[in-house]
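Residue-level structural notes
One letter stands for each residue in the lines below.
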Amino acid sequence: MNPPQTNALADGGGFVDSNLSALAIILGGGAGTRLFPLTKLRAKPAVPLAGRYRLIDVPVSNCINAGITRVFVLTQFNSASLNRHISQAYRFDRFSNGFVSILAAEQTPASKDWFQGTADAVRRVIPHVDGYRHDYTLILSGDQLYSMDYREMIRHHEETGADVTIGTIPVTADDAPAFGILKTDADHTITEFHEKPPADDLDGKESPVSDDLEDEGRVYLASMGIYIFSRDVLRDLLESNEEHHDFGKQIIPEAIEGKKVVSYPFTGYWSDIGTIRSFYDANLMLAEPNPEFDVYDPDRPLYTNARMLPPAKIESSFVQQSLIAEGSVIVNSQISKSVIGIRSFIGHNTTIKNTIFMGADHYPWQDPENRGYVEGPARPGIGEESYVEGAIIDKNVSIGKRCIIKNRDNIDEAETDMFYIRDGIVVIPKNTHVPDDTII
């Protein structure tokens, strides 16, 4: 006799057992050119977050916290580090049916091409997904920062009788031109879709929102790139529109014409980590006293690779409004409004302000001949008496003694062999060695 299935909805008042009725597909993204040089050697979802996580950990953790433990991650571009992280971080026990499985772009008798877009990627992996029982397919982006209970979204999908549900967030007229804008009626049914409408063409594109949101001017509903499709609807849309390769620009407008497409309004914190500036701002926000995204929420933990590192060691230093990851050693330094990643070494009398320092894969005092992971300079970290402000220092970077790294001339864009400036932020690429006394 088989044991009864338990409902994954914590309040017991829903309709769906999310363990069996839904599975998730996370899109690994394309080349990530707007996040370059952070994407020079890795896919966007593999970019480090908050000193110890990766961007991919956000949607995977949201799935696990919602009881959706069958997750496929679609990868294609610069995917080696992403594949390695997923294989190390997400190992479900043998008594569970859960998994986080990588589906890489592949050549088949039906297609010799790479993924041509988000919809094409899902269309190509459907044969791998169809073998698993499910009623709903949750399609997510791998490079966003937010906390959402997908069970509530599934419940909304069922209660409204939707074929497709789109996660939406209210934005102002100033922000609307950067998004796909959806217009809804009072029952959340989407009636119109407008791809990045210009600011002077927003009249009539407002949607019904709460009085509080209306007072804030957030009357335009932006697509979050988070979708729930009923199983047969997804296959019908993909098979009947084989020339359509993108969800946002092609499949969703087509669905609005012939299916019931509804909005799932979301009012919590959400950031699309699409640019260097948005990545920088989102990370430093996490170090604020009361951040909009709470990495300390015990009910919604953010999962990642369990590295078994020792606690951070801080000697005679001043640290203000900063995150210090495990394995770090900070000696007689000043750190303010910064994120310091795993295994970071900050030398004597160093100052770091408004900076993301991603840490390293090994300690600087380890003998290079005995390290298992040999990528990068022999001694990663920051040497004594250096000054770093307004920068992103990627992993395994070695900064010498008495260096000054700061965009002193307020340059918006620049590029050299050693560093880049993007959106006014100095970015030192992964594995770079910055010699002693360098001034940027």
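Below, the structure is looked at part by part. (Residues numbered from 1 in each chain as written. Predicted model: local features only at pLDDT ≥ 70, side-chain atom pairs only at ≥ 80, totals over all residues. Heavy atoms only, no water.)

**Concerning the packing of aromatic side chains**
Within the structure shown, the criterion is met by 10 aromatic pairs. A ring pair is formed by Phe 36 and Tyr 420, whose centres lie 5.5 Å apart and whose planes are at 90°; its orientation type is edge-to-face. Within this pair, whereas Phe 36 is found in the loop between β1 (22-27) and β2 (48-49), its partner Tyr 420 is found in strand β29 (residues 420-422), the two being separated by 384 residues in sequence. Given a relative accessible area of 28%, Phe 36 falls into the partly exposed group. Ring geometry for Phe 229 and Phe 247: centres 5.5 Å apart, planes at 45°, overall tilted. (Phe/Tyr/Trp six-rings, centres within 6.5 Å; stacked < 30°, edge-to-face > 60°. Helix = DSSP H or I, 4+ residues; strand = E, 2+ residues; numbered from the N terminus. Buried < 20%, exposed > 50% of the residue type's maximum accessible area, 1.4 Å probe, protein only.)

**Brief notes about the environment of Leu 286**
In this fold, Leu 286 is placed in the loop between α9 (276-285) and β14 (313-315). Given a relative accessible area of 2%, Leu 286 falls into the buried group. Apart from the residues within four sequence positions on either side, Leu 286 is in contact with Leu 49, Ala 50, Leu 145, Pro 291, Phe 293, Val 295 and Leu 323. (Contact = heavy atoms within 4.5 Å.)

**Remarks on the sheet that holds strand β21 (residues 351-353)**
Spatially, the five strands line up as an open sheet ordered β15-β18-β21-β24-β27, and their pairing is parallel. Looking along the sheet, the strands with just one partner apiece sit at the ends: β15 (318-320) and β27 (404-405). Bridging between β15 and strand β18 (residues 334-336) involves three bridges; their strand directions are parallel. Bridge pairing in β18 places Phe 318 opposite Gln 334. (Pairing = 2+ DSSP bridges.)

**Quick look at helix α2 (residues 57-65)**
The element α2 is largely enclosed, with a buried count of seven among its nine residues. Turning to α2, its buried residues number three or more, namely Asp 57, Val 58, Pro 59, Val 60, Ser 61, Asn 62 and Cys 63. The positive-phi residue at the C-terminal boundary of α2 is Gly 67, with phi of around 80°.

In short, geometric facts, not functional conclusions.
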